[in-house]
Amino acid sequence: MWNTFLGKRLKGFKYAAKGAWMLLRNEASIQVQAFVAVGVTVAGFYFDISPTEWIFQILAIGLVMSVEGLNTAAEEIANFVHPDFHNKIGYIKDVAAGAVFFAAGAAVIVACIIYIPKF
């Protein structure tokens, strides 16, 4: 079964779910983002946001969580390749963290657009 097209996709999904679980269990940054995601989801139900607002909110959550996961992967690779301090590794880690900063900033703007008018 695992050698069929569908079987390979299911196997890939299993690895992806395992990776997501590993991130949630082991990475403080993802745990913080997940906590915020739960909070704004609860706020979405409380303020009865529109379907369009839900779409933007879910996309913002997905973007931040995804980029945070990629940042963690980049940091882990960099640490594996060069465990000691190196300027180039520091640059790579800073750039990856900068990507999270952009995603989180966009998510904050989306949240402000959705929730500020509700107050």
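Whatever comes next refers back to the structure up there.
All residue numbers refer to position in the chain's written sequence, counted from 1. Local features in this predicted model are restricted to residues of pLDDT 70 or higher, and side-chain atom pairs are both shown and tallied only at a pLDDT of 80 or more, whereas totals for entire chains, interfaces and linings draw on every residue. Think of the side-chain values as coming from all heavy atoms in the structure, minus any hydrogens and water.

Regarding the overall build of the chain
- Secondary structure elements follow DSSP: runs of H or I no shorter than four residues count as helices, runs of E no shorter than two count as strands, and numbering proceeds from the N terminus. A tally of regular secondary structure across the chain gives four helices and zero strands.
- Each helix and strand of the chain, placed in order from N terminus to C terminus, yields the pattern α-α-α-α.
- The globule rule puts the C-alpha radius of gyration for 119 residues at 14 Å, and the 18 Å found for the chain is more than 25% above it.
- Along the first, second and third principal axes, the C-alpha set of the chain runs to 50 × 45 × 20 Å.
- Buried means the residue's accessible area, taken with a 1.4 Å probe over protein chains only, is under 20% of the maximum for its type, while exposed means over 50%, and partly exposed covers the values in between. Across the 119 residues that make up the chain, the buried fraction comes to 23%.
- Partitioning the intrachain contacts of the chain with sequence separation of at least 6 by distance along the chain shows that 63% fall at a separation of at least 24.
- Note on charges: Lys and Arg go in the positive column, Asp and Glu in the negative column, and His and the chain ends are not counted at all. Just so you know, the charge point we use is NZ for Lys, CZ for Arg, CG for Asp and CD for Glu. Charge separation in the chain, taken as the distance between the mean sites of 9 positive and 8 negative side-chain charges, equals 15 Å. Here the globule rule is a power law, 2.2 Å times the number of residues to the power 0.38, and the radius of gyration is based on C-alpha atoms. Any pair of residues with heavy atoms lying within 4.5 Å of one another is described as a contacting pair.

Regarding the nonpolar core
- To define a nonpolar core, start from buried Ala, Val, Leu, Ile, Met, Phe, Trp, Tyr and Cys residues and group those joined through side-chain atoms within 4.5 Å. Of all hydrophobic cores here, the largest spans six residues; its members are A60, V64, V67, V100, A103 and A107.
- When residues of this core are traced back to their parent elements, those giving at least two are α3 (51–81) and α4 (87–115).
- In contact with A60, other than residues within four places in its own chain, are A107 and V110.
- Residues A43, I49, W54 and I114 belong to the second largest nonpolar core, which totals five residues.

Topic: the environment of I89
- Tracing the backbone through its elements, the reader meets I89 in helix α4.
- The class for I89 is buried, based on a relative accessible area of 11%.
- In contact with I89, not counting residues within four places along its chain, are A78 and H82.

Section: the packing of helix α1 (residues 5–26) against helix α2 (residues 28–46)
- Interaxial angles span 0 to 180 degrees and are taken between N-to-C directions of axes, which are lines fitted to C-alpha atoms, for helices over the stretch in contact. Contact geometry for α1 and α2: axes closest at 6 Å, N-to-C directions at 95°. On the basis of their axis angle, the class for α1 and α2 is roughly perpendicular. Contacts from L23, L24, R25 and N26 in α1 reach A28, I30, Q31 and A34 in α2. Each angle gets one of four labels, with under 35 degrees taken as roughly parallel, over 145 as roughly antiparallel, 65 to 115 as roughly perpendicular, and the rest as oblique.

Side note on α2
- The span you would expect from a helix comes to 1.5 Å times its residue count less one. Taking 1.5 Å as the rise per residue, α2 with 19 residues should run 27 Å; its terminal C-alpha atoms sit 27 Å apart, in good agreement.
- Listing the buried residues of α2 in full gives I30, Q33, A34, A37, A43 and G44.
- Residues of α2 that are buried in the fold lie against α1, α3 and α4.
- Residue D48 follows α2 closely and has a positive phi angle near 50°.

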